[in-house]
Amino acid sequence: MSDSPLGRFSWYDLMTPDPDAAKAFYTEIAGWGTDVWEGGENPYVMFTNNQKPLGGVMSLPPELVAQQIPPHWITYVYTPDIAGTCAKAEELGGKIMHPVTDIPTVGKFAVLADPQGAVIALFTAVEEAPGSDDPPLKGDFSWHELATTDWEGAWDFYSKLFGWQATETMDMGEGNMYHMYGRGAHPLGAMFNKPPEMPGPPAWMLYISVDDVNASAEQIKNLGGQILHGPEPVPGGDLIAYCMDPQGAAFAIHSTAAK
């Protein structure tokens, strides 16, 4: 891996109809703190982990509500050249959903859809690139999983756009393969073809690292969320569960096997 931060997962935003309720839910589930950025037109509530900002929460924009887009998490991938990356994304078959936009004193962002329709964002910082290439800590987003209709087409797009590298492939059964990728010593996530029974369009699923998936799953239910699938073990002994917060945004939780 080069020293370039290109392709680093750097920020996470939650779009929700009730930011205050979401803030209360995730600070309980993930152990996050909060902070407020006052640099824009409106105050922006940030989630923090170990006193470091990792994302934020905002009201689901009216134009997305009008399009019947549900509450969701969106992840930002870092690029030092956002205009160039947008142009390359279009050359590779992607579509710019939101053009490059300035965030005063912070940087620039854009939102794109990959050729299969999954949505992801780009970010360029004025100063140091956010995010880290270190192993994830408790409370960090530890895995970035793409369920799609054509994993080979998606991989061609993302590997060329961000320089991600293929790592391992795992057989999920019935001929469905789970293709993992990274940008250095630590894997970032995986891509796979959606089985027929999986609802919804191609989309990214973000995993939050917790101490104990079983305990967190009960906590999620007690706080008004849902467990969509799991908890279940994965190869290596880790546990995962797919979840939905009380406002309807999907996410996953992950705990590592005891050593």
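Quick note: structure is the one above.
Residues numbered from 1 in each chain as written. Predicted model: local features only at pLDDT ≥ 70, side-chain atom pairs only at ≥ 80, totals over all residues. Heavy atoms only, no water.

### Considering the overall build of the protein
Put simply, the rule is: Helix numbering and strand numbering both begin at the N terminus, where a helix is a DSSP run of H or I of at least 4 residues and a strand a DSSP run of E of at least 2. This radius of gyration counts C-alpha atoms alone. The globule rule is 2.2 Å times how many residues there are, raised to the power 0.38. Each residue's exposure class comes from its accessible area (1.4 Å probe, protein chains only) as a fraction of the maximum for that residue type: buried when under 20%, exposed when over 50%, partly exposed otherwise. A contact between two residues is defined here by any heavy atoms of the two lying within 4.5 Å.
Across its full length, the protein carries 5 helices and 16 strands. Computed over the C-alpha atoms, the radius of gyration of the protein is 18 Å, within 12% of the 18 Å expected from 2.2 N^0.38 for a compact globule of 259 residues. C-alpha atoms of the protein, sized along the principal axes, occupy 40 × 40 × 40 Å. Per-residue burial over the protein gives 44% buried out of 259 residues. Taking the intrachain contacts of the protein between residues at least 6 apart in sequence as the baseline, contacts between residues at least 24 apart amount to 59%.

### A few points about the packing of aromatic side chains
Describing an aromatic ring pair means giving the distance of the ring centres and the angle of the ring planes. Stated formally: Each Phe, Tyr or Trp ring (for Trp, its six-membered ring) is paired with any other whose centre lies within 6.5 Å, and the angle between the two planes then decides the class: stacked below 30 degrees, edge-to-face above 60, tilted in between.
Tallied over the full model, the rule gives 26 aromatic pairs. Relative to phenylalanine 109, the ring of tyrosine 76 lies with its centre 6.4 Å away and its plane at 65°, an arrangement referred to as edge-to-face. Taken as a pair, tyrosine 76 in strand β5 (residues 72-78) and phenylalanine 109 in strand β7 (residues 107-113) lie far apart in primary sequence, 33 residues in all. Per residue, the accessibility class of tyrosine 76 equals that of phenylalanine 109, and both read buried. Following the ring pairs from residue to residue traces out a cluster consisting of Phe9, Trp155, Phe157, Tyr158, Phe162, Trp164, Tyr181 and Trp204.

### Points about the sheet that holds strand β2 (residues 33-37)
We count it as follows: Paired strands, as defined in this entry, are two strands with at least two bridges between them according to DSSP. Axis definition: a line fitted to C-alpha atoms, limited for helices to the stretch in contact. Angles are taken between N-to-C directions and run from 0 to 180 degrees.
Across the sheet, which stays open at both edges, the 8 strands sit in the order β2-β3-β4-β1-β5-β8-β7-β6 with mixed pairing between neighbours. A single partner strand is all that each edge strand has here, and the edge strands are β2 and β6 (95-103). The average undirected angle you get between the axes of adjacent strands in this sheet is 30°. Here 5 bridges tie strand β1 (residues 9-16) to strand β4 (residues 52-59), and the two strands are oriented parallel to one another. Looking at β4, one finds that threonine 16 is bridged to serine 59.

### Structural notes on the packing of helix α1 (residues 19-30) against helix α5 (residues 213-222)
What counts, and what does not: Roughly parallel means an angle under 35 degrees; roughly antiparallel means over 145; roughly perpendicular covers 65 to 115; every other angle is labelled oblique. By convention, the crossing between two helices is left-handed when the near helix turns anticlockwise from the far helix through less than a right angle, and right-handed when the turn is clockwise. Put simply, Ala, Val, Leu, Ile, Met, Phe, Trp, Tyr, Cys and Pro go in the nonpolar bin, Asp, Glu, Lys and Arg in the charged bin, and everything else, Gly too, in the polar bin.
Contact pair α1 / α5: the axes reach a minimum separation of 10 Å and the direction vectors enclose 160°. Looking at the two axes, α1 sits roughly antiparallel to α5. As α1 runs across α5, the sense of the crossing is right-handed. Every residue of α5 that contacts α1 at Phe25, Glu28 and Ile29 is listed here: Ser216, Gln219 and Ile220. Tallied by class, the residues present in the contact of α1 with α5 amount to 3 nonpolar, 2 polar and 1 charged.

### Thoughts on α5
Selection criterion: Each direction from the helix axis to a C-beta atom contributes to the arc, which is the arc of those directions.
Those residues of α5 lying buried are Val213, Ser216, Ala217 and Ile220. Seen along its axis, α5 keeps its buried residues to an arc of 105°; they face one direction. Against the buried residues of α5 lie α1, β14 (226-233), β15 (239-244) and β16 (250-255). Looking at the residues trailing α5, positive phi occurs at glycine 224, about 95°.

### Some points on the side chain of threonine 148
Secondary-structure assignment places threonine 148 in strand β9 (residues 141-148). On the basis of relative accessible area, threonine 148 is assigned to the buried category, the value being 0%. Non-local contacts of threonine 148, meaning those with residues more than four positions away in its chain, are made with Gln116, Ala154, Phe192, Asn193, Lys194 and Pro202.

### Concerning the side chain of arginine 183
Definition in use: Residues adjacent in sequence count toward polar contacts only when both atoms are side-chain atoms; beyond that, a polar contact is any pair of N or O atoms within 3.5 Å, and within protein one must be able to donate a hydrogen and the other to accept it.
Structurally, the position occupied by arginine 183 is in the loop between β11 (177-182) and β12 (187-193). Judged by its relative accessible area of 6%, arginine 183 falls in the buried class. A distance of 2.6 Å separates the side chain of arginine 183 from the backbone oxygen of leucine 6, its partner in a polar contact.

### Considerations on helix α4 (residues 151-162)
For an α-helix, the turn length of 3.6 residues means that residues three or four places apart are oriented alike. Put simply, the rule is: Take the number of residues in a helix, subtract one, and multiply by 1.5 Å to get its expected span.
A rise of 1.5 Å per residue sets the reference length of α4, with its 12 residues, at 16 Å; its end C-alpha atoms lie 16 Å apart and thus fit the reference within 8%. Inspection of α4 places Ala154, Trp155, Phe157, Tyr158, Ser159, Leu161 and Phe162 among the buried residues, and these make up the whole buried set. The positive-phi residue at the C-terminal boundary of α4 is glycine 163, with phi of around 75°.

### A closer look at the nonpolar core
Operational definition: Note on terminology: a nonpolar core comprises buried Ala, Val, Leu, Ile, Met, Phe, Trp, Tyr and Cys residues joined through side-chain atoms within 4.5 Å.
Ranked by internal contacts, the top residues of the largest apolar core, which has 45 residues, are Tyr26, Trp73, Tyr158, Trp164 and Trp204. With 6 residues, the single largest contributor to this core is α4. Filtering out sequence-adjacent residues up to four positions away, tyrosine 26 remains in contact with Leu14, Gly31, Trp32, Phe47, Trp73, Ile208, Asp245, Ala249 and Phe251.

### A short note on the pairing of β15
Of the strand pairs in this sheet, β14 and β15 are connected by 5 bridges, and their pairing is antiparallel. Pairing of glutamate 232 across the sheet is with isoleucine 240, part of β15. Remark: 5 residues form the turn of the hairpin made by β14 and β15, two consecutive strands paired antiparallel; glycine 236 in that turn has positive phi of roughly 100°.

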